[in-house]
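Listed below are the residues making up each chain.
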Amino acid sequence: MAKFDVAVIGAGAAGMMCAATAAQRGLRVVLIDHAAKLAEKIRISGGGRCNFTNVNAGPANFLSENPHFCKSALSRYTPADFVALVKKHRIGYHEKHRGQLFCDDSAEQIIEMLKDECAAGDVHWRMPCKVESLAQADGGFVLETDSGTIEAPSVVIATGGLSIPKIGATDFGYRVAAQFGLRMVEPRPALVPLTFDAQQWAPFVEMSGIALEVDVETGSLKGRNPTGARFREDLLFTHRGLSGPAILQISSYWQPGTPITINLLPELDLAATLIEGKGTIKKQLGNVLSQWLPARLAEGLLLAHGFALDARLADMPDAQLRKLGAAINQWSLTPNGSEGYKKAEVTRGGIDTRELSQQTMMANKIPGLYFIGETVDVTGWLGGYNFQWAWASGVAAGQAV
Ligand code: FDA
């Protein structure tokens, strides 16, 4: 039987941050992971350069049944705190787009940094190691693992969500929650490409590869607690549906069975422009539209919405032009699903935040049991927010255990 002050299960972003924080306070910490290779998600993140935080990260950039839950941890460990750590380890970084910070060289540097921080506190590693059972005993916990029994008064669950099972994602955290009677918010793939019925998508298959900046929205944006969201980002047509940052962002808010609405020309009121230009623009409809949209897309959209490419603008009734304007400025379409966990960057939902303390991340009714990172019902936007939550929740638990 090996005795520790803290056992952290899951050596990803949140788990390593938590273990290092607790160990540097002088606690005896063991960090357990079932994978053979350390922190694969950090390694592949941000196209191999890890978008490790976002300088603008705040509670408004996160989805949760309780939007207030993340405030405490995020305010106590900020993007500036993580940047200070990155600088301390002399890792070069740059800002790319809307506050997103990336490594200049490689995501491996973030993994090495977290390993060094764990080493500075003398964290003990068990990896690869399978946790066979977790049980309460004598005011603490006993873990049966395939490399022996571990006893600790505090256990932190940092096993992440369900996305990308190929690199080791499991439902371990959710099973522990069920074992201890903790409520869950139903997990769903998020930051994920959306798909459409083959028949509905047939006119758009040819457009695969086209990218453009759009406004996309879903759900209701009204009231004090809006259920929907709107983003201006790039959209990408694929063979099976839509992807690109705009769609990944909106996918986290999209509810199955409901539509998304895309404005393909967010800077132009198309109907008004066409009606106004009827007297002066002599071109055919296809040529008119391809001033503003990629020609292949303009043609495909006209055909899909039943307009002739060679119709002359001057001959078209205003009602038809208003219909065309709505088809481009408010293109409403209902996905039949998403590409699922094999393509999702994150899982939305997870351990219900009503079960946890927002200061410490400890389960209210199970003293000594903590949940951090993606296991919890806190999901960030695309752009470095999910790592910031992993660091902040990891530090909150690491300071409290
Ligand atoms: P994480 O998934 O990092 O770690 C969980 C750990 O638990 C893993 O090491 C796993 O092996 C281990 N584990 C699982 N089950 C276990 C079990 N049964 N027993 C023992 N160990 C177990 N975010 C961002 O902010 N910027 C970015 O650039 C990107 N890029 C990105 C790209 C891709 C392709 C993906 C899939 C995801 C991203 N993300 C991202 C999201 C980000 O990677 C994610 O939100 C964090 O890694 C979550 O951190 P956690 O520590 O909670 O889980």
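Predicted model only: the values in this text are computed from it and were never measured. Here, residues in each chain are numbered from 1, in the same order as that chain's written sequence. Only residues with pLDDT of at least 70 are given local features in this predicted model, and only at 80 or more are side-chain atom pairs given and counted; all residues enter the totals for whole chains, interfaces and linings. Where side-chain values are given, they derive from all heavy atoms of the structure, hydrogens and water being excluded.

### Brief notes about the overall build of the chain
In terms of helices and strands, the chain carries 13 helices and 23 strands. Burial here depends on accessible area, computed with a 1.4 Å probe over protein chains only, as a share of the maximum for the residue type. Under 20% is buried, over 50% is exposed, and the range in between is partly exposed. Of all 401 residues assigned to the chain, the portion counted as buried reaches 54%. It only takes one pair of heavy atoms within 4.5 Å for two residues to be counted as in contact. Long-range contacts, defined here as pairs at least 24 residues apart, represent 73% of the contacts in the chain between residues at least 6 apart. Only the protein chains shown count as covering a residue, and every accessible area follows the Shrake-Rupley method with a 1.4 Å probe. When the accessible surface of the chain is totalled, it reaches about 17300 Å², and 50% of it is carbon and sulfur. Only four residue types enter the charge count: Lys and Arg as positive, Asp and Glu as negative, with His and the chain ends excluded. Think of each charge as sitting on NZ of Lys, CZ of Arg, CG of Asp or CD of Glu. Taking the 38 positively charged and 40 negatively charged side chains of the chain as two groups, their mean positions are separated by 2 Å. Numbering of helices and strands runs from the N terminus; a helix is a DSSP stretch of H or I covering at least four residues, while a strand is a stretch of E covering at least two.

### Points about the site of the ligand
Neighbouring residues are identified by heavy atoms, a residue being near a molecule or strand if any of them is within 4 Å of it. By nearness alone, 30 residues border the ligand, and Ala14, Asp33, Thr170, Glu374 and Phe387 come closest of all. By the criterion applied in these results, polar contacts are pairs of N or O atoms within 3.5 Å in which, for protein atoms, one can donate a hydrogen and the other can accept it, and in which residues neighboring in sequence qualify only through two side-chain atoms. At a separation of 2.8 Å, an oxygen atom of the ligand approaches a polar backbone atom of Ala14. Asn386 places a main-chain nitrogen or oxygen 3.4 Å from an oxygen atom of the ligand. Burial of the ligand by the surrounding chains reaches 92%, relative to a free accessible area of 1000 Å². Of all the secondary-structure elements, those providing two or more residues to the shell around the ligand are helix 1 (13-24), helix 2 (40-44) and helix 13 (385-400). When residues of the shell around the ligand are assigned to their parent elements, the largest contribution, four residues, is made by helix 13. Gly is put with the polar residues, along with every residue not named as nonpolar or charged; the nonpolar set is Ala, Val, Leu, Ile, Met, Phe, Trp, Tyr, Cys and Pro, and the charged set is Asp, Glu, Lys and Arg. A per-class count over the shell around the ligand returns 13 nonpolar, 13 polar and four charged.

### A few points about the confidence of the model for the chain
Put simply, the chain has an average pLDDT of 96, and 100% of its residues get 70 or more. Across the interface, the model reports ipTM at 0.99; the global pTM reads 0.96. Residue-level confidence of the predictor is summarised by pLDDT, bounded by 0 at the bottom and 100 at the top.

### Remarks on the sheet that holds strand 4 (residues 51-54)
Strand order in the open sheet formed by three strands is 4-7-6, with antiparallel pairing between adjacent strands. At either end of the open sheet lies a strand with only one pairing partner, and these are strand 4 and strand 6 (93-95). Strand after strand, the sheet turns through a mean of 25 degrees between neighbouring axes, direction not considered. Pairing of strand 4 with strand 7 (residues 100-103) involves three bridges; the strand directions are antiparallel. Pairing of Thr53 across the sheet is with Leu101, part of strand 7. Note on pairing: DSSP must find at least two bridges between two strands before they are called paired. To obtain an axis, a line is fitted to C-alpha atoms, over the contacting stretch when the element is a helix, and the angle between two such axes runs from 0 to 180 degrees between their N-to-C directions.

### Some remarks on the nonpolar core
Put simply, buried Ala, Val, Leu, Ile, Met, Phe, Trp, Tyr and Cys residues joined by side-chain atoms within 4.5 Å make one nonpolar core. Within the largest apolar cluster, 84 residues are counted, with the highest numbers of intra-cluster contacts made by Ile42, Ile110 and Trp391. Apart from residues lying up to four places away in sequence, Ile110 is in contact with Ile42, Cys50, Phe52, Phe82, Val86, Ile91, Cys103 and Trp391. With 42 residues, the next largest nonpolar core counts Phe196, Leu265, Ala298 and Leu313 among its residues.

### Quick word on the pattern of salt bridges
A pair is scored as a salt bridge if a Lys or Arg side-chain nitrogen falls within 4 Å of a carboxyl oxygen belonging to Asp or Glu. In total, this model carries 17 salt bridges according to the counting rule given. The residue Arg43 makes a salt bridge to Glu108 at a minimum N-O spacing of 2.8 Å. In this pair, Arg43 sits in helix 2 while Glu108 sits in helix 5 (residues 108-120), placing the two residues 65 residues apart along the sequence. Arg230 is the salt-bridge partner of Glu217, the closest N and O atoms lying 3.0 Å from each other. Remark: Arg230 occurs in strand 16 (residues 229-237) and Glu217 occurs in strand 15 (residues 211-218); sequence separation between them is 13 residues.

### Regarding the environment of Arg348
By secondary structure assignment, the location of Arg348 is in strand 21 (residues 346-351). Judged by relative accessible area, which is 18%, Arg348 ranks as buried. For the pair Arg348 and Lys283, spaced 65 residues apart in the sequence, the C-alpha separation amounts to 48 Å. In this structure, Arg348 is in contact with Leu63, Glu186, Pro187, Arg188, Ala190, Ser252, Tyr253, Gln255 and Thr379, ignoring residues within four places of it in sequence. Within polar-contact distance, the side chain of Arg348 engages the backbone oxygen of Ser252 at 2.7 Å.

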